[in-house]
Amino acid sequence: MRIQALAQQTGVPARTIRFYETIGLLPPPQRQPNGYRDYTLEDVERLRLVAGARRLGLALEDIRQILALRDRHEAPCRTLLIMLEHKAEEIAHLIRDLQHLEQELRALHALGITLSLNDIEGKDCICHLISAQPDPTFTIPNEEPE
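Cut-offs applied
Residues numbered from 1 in each chain as written. Predicted model: local features only at pLDDT ≥ 70, side-chain atom pairs only at ≥ 80, totals over all residues. Heavy atoms only, no water. Helix = DSSP H or I, 4+ residues; strand = E, 2+ residues; numbered from the N terminus. Buried < 20%, exposed > 50% of the residue type's maximum accessible area, 1.4 Å probe, protein only. Contact = heavy atoms within 4.5 Å. Arc of directions from axis to C-beta. Lys, Arg positive; Asp, Glu negative; His and termini not counted. Salt bridge = Lys/Arg side-chain N within 4 Å of Asp/Glu carboxyl O. Polar contact = N/O pair within 3.5 Å; in protein donor to acceptor, adjacent residues only side chain to side chain. Patch = residues over 30% accessible without salt bridge, like charges linked within 9 Å, V, L, I, M, F, W, Y side chains within 5 Å. Areas by Shrake-Rupley, 256 points an atom, 1.4 Å probe, with all protein chains shown as cover.

Asks: Can you lay out the overall build of the protein for me, pointing to particular residues and giving the numbers?
Replies: Along the protein, the regular secondary structure elements total six helices and two strands. Mapped from its N terminus to its C terminus, the protein presents α and β elements in the order α-α-β-β-α-α-α-α. Taking all 146 residues of the protein together, 23% fall into the buried category. Across the protein, the fraction of contacts at a sequence separation of at least 24, relative to all contacts at a separation of at least 6, is 44%.

Asks: Account for helix α1 (residues 3-10), naming residues and giving values.
Replies: All buried positions along α1 are accounted for by Ile3, Leu6, Ala7 and Thr10. All buried residues of α1 fall inside an arc of 100 degrees around its axis, so they share one side. Exposed and oriented more than 90 degrees from the buried face of α1 are Gln4 and Gln8. Taken together, the buried residues of α1 touch α2 (14-22), β2 (37-38) and α3 (41-55). Looking one or two places after α1, you find glycine 11, whose phi comes out positive at around 75 degrees.

Asks: Can you tell me about the side chain of aspartate 43, naming the residues and giving the values?
Replies: Looking at where aspartate 43 falls in the secondary structure, it is placed in helix α3. Although aspartate 43 is buried, it forms no salt bridge, and the closest oppositely charged side chain is arginine 46 at an N-O distance of 6.5 Å. A distance of 2.9 Å separates a polar side-chain atom of aspartate 43 from the backbone nitrogen of threonine 40. Excluding its chain neighbours within four sequence positions, the residues that come into contact with aspartate 43 are Leu6, Leu26 and Pro27.

Asks: Residues and numbers for the pattern of salt bridges, please.
Replies: Considering all chains together, one arrives at seven salt bridges under this definition. Residue glutamate 74 is joined to arginine 72 by a salt bridge in which the shortest nitrogen-to-oxygen separation is 3.1 Å. Glutamate 74 gets classed as partly exposed once you look at its relative accessible area, which sits at 39%. Glutamate 102 serves as the salt-bridge partner of arginine 106, at 3.1 Å between the closest nitrogen and oxygen. Within this pair, arginine 106 and its partner glutamate 102 are both found in helix α5 (residues 77-112), separated by four residues, close to a single helical turn. Classification of arginine 106 by relative accessible area gives exposed; the value is 58%.

Asks: Kindly report on a nonpolar patch on the surface, identifying the contributing residues and their values.
Replies: A cluster of nonpolar side chains, namely Ile91, Leu94, Ile95 and Leu98, defines an oily patch on the protein surface of about 300 Å² accessible area. With respect to the element layout, leucine 98 can be found in helix α5.

Here is the structure:
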């Protein structure tokens with residue numbers, strides 16, 4: 001089947017399929033005499049696994065590890081379960097951080113509406129509060145603390 005048919009069957013855009021080929025998550029497909037890629041049912045199943053793992057937030061390296069196990073005819077189930085548990089813990093931590101950020105934003109907003117809206121120097125308004133020292137226990141997601 002051609003790349004558009006593969007894309008339609010899996011819901012993965014053709015551009016992404018080509019990217020997965022480039023980085024080795026999908027093997028290079030056979031080529032038709034006219035040069036078009038020719039995918040198999042095995043490619044459909046492999047791409048569905050990749051797409052499902054990406055939808056769950058697994059990293060490309062994690063997916064590569066799962067596929068490598070499958071390619072060696074080893075069951076990746078235990079490895080995948082560990083990865084899913086780690087991802088769930090990561091999400092739980094992110095949710096806690098975001099809830100903390102939401103509380104901070106709401107508190108700042110509540111305080112800010114009681115302050116001046118015309119303080120050009122920023123000494124008695126919400127701008128001054130935003131410029132204050134940040135909470136050292138809070139990290140912005142995807143940023144390392146200093």
